[in-house]
Every structure is written in C-alpha cells, then in structure tokens.
Amino acid sequence: MTEAILLVGGKGTRLRPLTVYTPKPMVRAAGVPFLTHQLARARAAGVEHIVLATSYLAEVFEPYFGDGSALGLHIEYVTEEEPLGTGGAIRNVAGRLRSGPDDPVLVFNGDILTGLDIRALVDTHETTGADVSLHLTRVADPRAYGLVPTDGTGRVLAFLEKPQTPEEIVTDQINAGAYVFRRSVIDTIPADRPVSVERETFPDLLAAGAHLQGMVDSTYWLDLGTPAAFVRGSADLVLGRAPSPAVPGRCGDRLVLPTATVAPDAKVTGGTVVGEGAYVAEGARVSGSTILPGAVIEPDAVVTDSLIGARARVGERSVLTGTVIGDGAVVGADNELREGVRVWCDARIPAGAVRFSSDQ
C-alpha cells in the first residue's frame, strides 16, 4: 500500500475567522499546519505517494509542502474548479493514481485528528476482500453523525444519516472519515459533478451488492470542525493524548516554539502552544490555548481554551475563555470574552468595551 488521497478542499466555514486567510488543513495545530500531522502519520504507515485534492485557497498548499520530499513523500496537487463533494473530489484525482485495479487506495478527510491504526485498516481491507473499507468509531451521542451498523463479521449493513429519534439510533458506530478503496471502485464514481460518498457512493455500492467492510477503532478521534474542537485537538497533540510524529518538540504541558518568548512569571499550561515570534508577558496565564505566530498576550491577561490568531494582541488584564481571535485583531485591556465569541481578523475592541461582570 503506497498511495493515498487527502481531501483538503473544504472552506472550513465553521472555523471562521481562522479560515478567512488560511485553508482549514493549514491552520496550525501543535505548532505546524494540521495537514502536516496527517501526512506524517500516513508516511509512518508506509504511504509514499499522496494526492491532495484542493479547492479553497488551493494556492497555499504547494509552496509549503512542495514535492513532499522533506516528509519522505511524493505529493501531487489537484485543484477543483468547482466544489465536487467528497466523492467528486476522489474521482477528480483518479488520473494521478498509479495503483492497479485491485490495489488499495487510502482516503482521508482533511479535518479529522485520529489515532487510527492505518495498517490495520488496510489489512482488514485485504483479508476480507472488501471493495471499500471504512474506519468506524464509537461515540456516546451519535445524533450528529451518520450511523454505520455492521453484522458480526464487520460487514456494513446500512448507512443511516443523522438519527432524530431514539428508535433510529440502532448503533453507536459512526463513519470516522478514513477509507480504503479498491482502486477500480474509484473509477465508478461519476466524474465532473458533485458527489457525496456518504450519501450517494456508499449507499449505491451497498445497494449494488458491493462488499463494504467496517473496522471499529475507538482510539483517539476528534472532528476538528469547530474552533473549540480545533483548540482541544492542538492541546491533545501537545499533551501526547493524540499521536503524531510531527509535533515539533517533546510532548508535555506546553510547547514554546523557537523565537517565542514567555516571561519568567507567566504561567503557560494545559497543552498550550506559543508560536514563533509570539510573546506572553509578565503575570499572564494561558491554559489549553493556541497562540499563533507573532501574537502578543499582555501582562496579567488570562487566556483559557482559546485560539489567538497570528499577530493578534490581547490587552492587559483581559480575560478570554473559549474564544477565537482572528489574525491581526486587537482586544484592548480589561475586556472579558466568553465561550463562543469570535473576533474577526484585524478588528479592534477598545479597552473595557466588553464585560460580563462589574468593572469594580
């Protein structure tokens, strides 16, 4: 198994303003673009050739990763002129694959952080003779996901989109966003139009009698589609809870990258990343957060479970919890921002302008 397709064309609208200037897979998690972690894990599993299916801000990827040789890979890039969905994107890059008709091709979604045993998924695919094999994971509340019930041998029985009633929840197994396709199956996906593998390709294959195999792997799994999840995923990488050979340093309570500065009495904990050229000033407390390159956390500010964009600034004594500050934005002194607040890129919040408590 030497080939993979990575689907990295989404607009990442749920992550805005992080994705205003940066495609979702290139937003930094644990100090490097999230895509780096996926590429490194694929390489560690034996993948040598990867095709990136790009669309939104497609011009960003190749200047950063080049031909992939720095990661021990050969990377090619295919850009969709119009969004084609997951299935359409897979079909759109088929011409760049080198595999024979019966060879396995790995497919990954570009926003899933997982500890999946990639080799085990490929082994399952080959030993069962499946046409497509799917990574499945178990979740406590599957209502937000597509359910994938299987029989006693792991063979997929159905694809059930987002159940709405208790009676519809027939399993806690969900589609975890990693697949192995028999190469010839990719060629059966309709070309030059949007196709969803979840809603069209997989159900149609099942209806036609194809063999779809599920492999349950309930190690670490997180959909990084929301700011809160992205921040948590980055912290888990730093803390060592999520595995990646691409973390640029030893796992621990914090990751301070070269050229970043943390004042001696500042407290940086909980898997926080302080990016290149960023500054955490005296008395500041930062926990479970991502501080992107060039950002400044001023004296006595408190930042918890938040993402501070590149070149952004958090003013003295401001308290941020569960918030996202866009690139270049400035939060003045003595503000309080709570869960779910998003400050857009280059915005300015004056000192003491937003509070949830008295100023006394």
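Before reading further, recall that the structure is shown in the block above.
Residues numbered from 1 in each chain as written. Predicted model: local features only at pLDDT ≥ 70, side-chain atom pairs only at ≥ 80, totals over all residues. Heavy atoms only, no water.

S.K.: What am I meant to see in the pattern of salt bridges here?
M.R.: Any two side chains of opposite charge can pair, so long as their charged atoms come close to each other. One pass over the full model with this rule turns up 15 salt bridges. Of the charged contacts in the structure, one is a salt bridge between Arg 183 and Asp 187, with a shortest N-O distance of 2.8 Å. By relative accessible area, which is 39% here, Asp 187 ends up partly exposed. Arg 355 serves as the salt-bridge partner of Glu 336, at 3.0 Å between the closest nitrogen and oxygen. Here Glu 336, found in strand β26 (residues 336-337), pairs with Arg 355, found in the segment after β28 (348-349); they are 19 residues apart in sequence, far enough to count as distant. (Salt bridge = Lys/Arg side-chain N within 4 Å of Asp/Glu carboxyl O. Buried < 20%, exposed > 50% of the residue type's maximum accessible area, 1.4 Å probe, protein only. Helix = DSSP H or I, 4+ residues; strand = E, 2+ residues; numbered from the N terminus.)

S.K.: What's the story with the environment of Val 247 in this structure? I'm lost.
M.R.: Following the sequence through the fold, Val 247 ends up in the loop between α7 (227-239) and β12 (254-256). Measuring from C-alpha to C-alpha, the distance between Val 247 and Ile 112 comes to 16 Å, with 135 residues separating the pair along the chain. Discounting residues that sit within four places of it in the chain, Val 247 has contacts with Ala 30, His 37, Leu 237 and Leu 255. (Contact = heavy atoms within 4.5 Å.)

S.K.: Is there a simple way to think about the layout of surface pockets in this case?
M.R.: Rolled over the atoms, a probe sized like a water molecule indicates the empty space that remains. Put simply, the largest pocket is a space of about 1200 Å³. Forming the walls of the largest pocket are 42 residues, and the residues nearest its centre are Arg 14, Thr 86, Asn 109, Asp 111 and Glu 198. Classifying every residue of the lining of the largest pocket by side-chain character gives 18 nonpolar, 14 polar and ten charged. (1 Å grid on protein atoms, 1.4 Å probe; cavity = no way out; pocket = protein on both sides within 12 Å on 5 of 7 lines; lining within 4 Å. Points joined across faces, edges and corners; volume = space filled by probe spheres on them. Nonpolar A, V, L, I, M, F, W, Y, C, P; charged D, E, K, R; others polar.)

S.K.: How should I be thinking about the side chain of Thr 323 in this particular structure?
M.R.: Along the chain, the position of Thr 323 falls in the loop between β23 (319-321) and β24 (324-325). Those residues within four positions of Thr 323 in sequence are excluded, and the remaining contacts are Asp 305, Ser 306, Leu 307, Leu 337, Arg 338 and Val 341.

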